[in-house]
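# Commentary on secondary and tertiary structure
Read off the chains here:
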Amino acid sequence: MKAVEISGDPFIAFLRNRFETLKQKNPRFPLRAFAGKIELDPSSLSKVFAGKKALAPETRLNCLKKAGASKKEIDAILKTGVN
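Keep in mind it's a predicted model, so treat the numbers as computed, not measured.

## Description of the nonpolar core
Residues Phe 11, Leu 15, Phe 34, Ile 38 and Leu 45 are the most contacted members of the largest nonpolar core, which totals 20 residues. Mapped by element, the contributors of at least two residues to this core are helix H1 (10-25), helix H2 (31-37), helix H3 (42-49), helix H4 (57-66) and helix H5 (71-79). Counting residues per element, this core draws most heavily on H1, which supplies five residues. Ignoring sequence-local partners within four residues, the contact set of Ile 38 consists of Leu 15, Leu 45, Asn 62, Cys 63, Lys 66 and Ala 67.

## Quick notes on the packing of H1 against H4
Orientation of H1 relative to H4, taken along the N-to-C sense of each, is 30°, at an axis distance of 11 Å. In terms of axis orientation, H1 runs roughly parallel to H4. Between H1 and H4 the crossing geometry is left-handed. Here Phe 11, Phe 14 and Leu 15 of H1 lie close against H4, whose contacting residues are Arg 60, Cys 63 and Leu 64. Each residue belonging to the contact of H1 with H4 can be placed in one class, and the counts come to five nonpolar, no polar and one charged.

## Structural notes on the pattern of salt bridges
Following the criterion strictly, the structure yields four salt bridges and no others. Salt-bridge contacts for Glu 73 lead to Arg 18; the nearest nitrogen and oxygen are separated by 3.7 Å. Here Glu 73, found in helix H5, pairs with Arg 18, found in helix H1; they are 55 residues apart in sequence, far enough to count as distant.

## Focus: the environment of Ile 12
Examined against the element boundaries, Ile 12 turns out to sit in helix H1. For Ile 12, a relative accessible area of 7% corresponds to the buried category. Taking the C-alpha atoms as reference points, Ile 12 and Leu 45, 33 residues apart in sequence, are found 9.6 Å from one another.

## Here's the deal with the packing of H4 against H5
When two helices pack together, their arrangement is captured by the angle between the axes and the distance separating the axes. The interhelical angle for the contact between H4 and H5, taken along N-to-C directions, is 150°, at an axis separation of 10 Å. Put simply, H4 runs roughly antiparallel to H5. Regarding H4 and H5, the two cross each other, and that crossing is right-handed. Packed against H4, whose contacting residues are Arg 60, Leu 61, Leu 64 and Lys 65, the element H5 presents Ile 74, Ile 77 and Leu 78 at the interface. Here the residues of the contact of H4 with H5 are counted per class, giving five nonpolar, no polar and two charged.

What counts and what doesn't
Residues numbered from 1 in each chain as written. Predicted model: local features only at pLDDT ≥ 70, side-chain atom pairs only at ≥ 80, totals over all residues. Heavy atoms only, no water. Core = buried A, V, L, I, M, F, W, Y, C linked by side-chain atoms within 4.5 Å. Buried < 20%, exposed > 50% of the residue type's maximum accessible area, 1.4 Å probe, protein only. Helix = DSSP H or I, 4+ residues; strand = E, 2+ residues; numbered from the N terminus. Contact = heavy atoms within 4.5 Å. Axes fitted to C-alpha atoms, helices over the stretch in contact; angles between N-to-C directions. Parallel < 35°, antiparallel > 145°, perpendicular 65-115°, else oblique. Left-handed = near helix turned anticlockwise from the far one by under 90°. Nonpolar A, V, L, I, M, F, W, Y, C, P; charged D, E, K, R; others polar. Salt bridge = Lys/Arg side-chain N within 4 Å of Asp/Glu carboxyl O.

Given below as structure tokens:
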């Protein structure tokens, strides 16, 4: 699935799209469970989605890998330099 840019940050868009895909499969899938899947604190993920928190590049990379991004997707998202 191609990420649609939300708030100008393809990293956030990718994570939101992955979360929404999981919610479509299970409407009761909580943000807390998604945060656990990508090994990020739930409150941090909420702040990232709100655009109130930036993550270090290595944390962003880890989140993308845990969310199932392909190498090509990771390269494209991290190349933007948006943080």
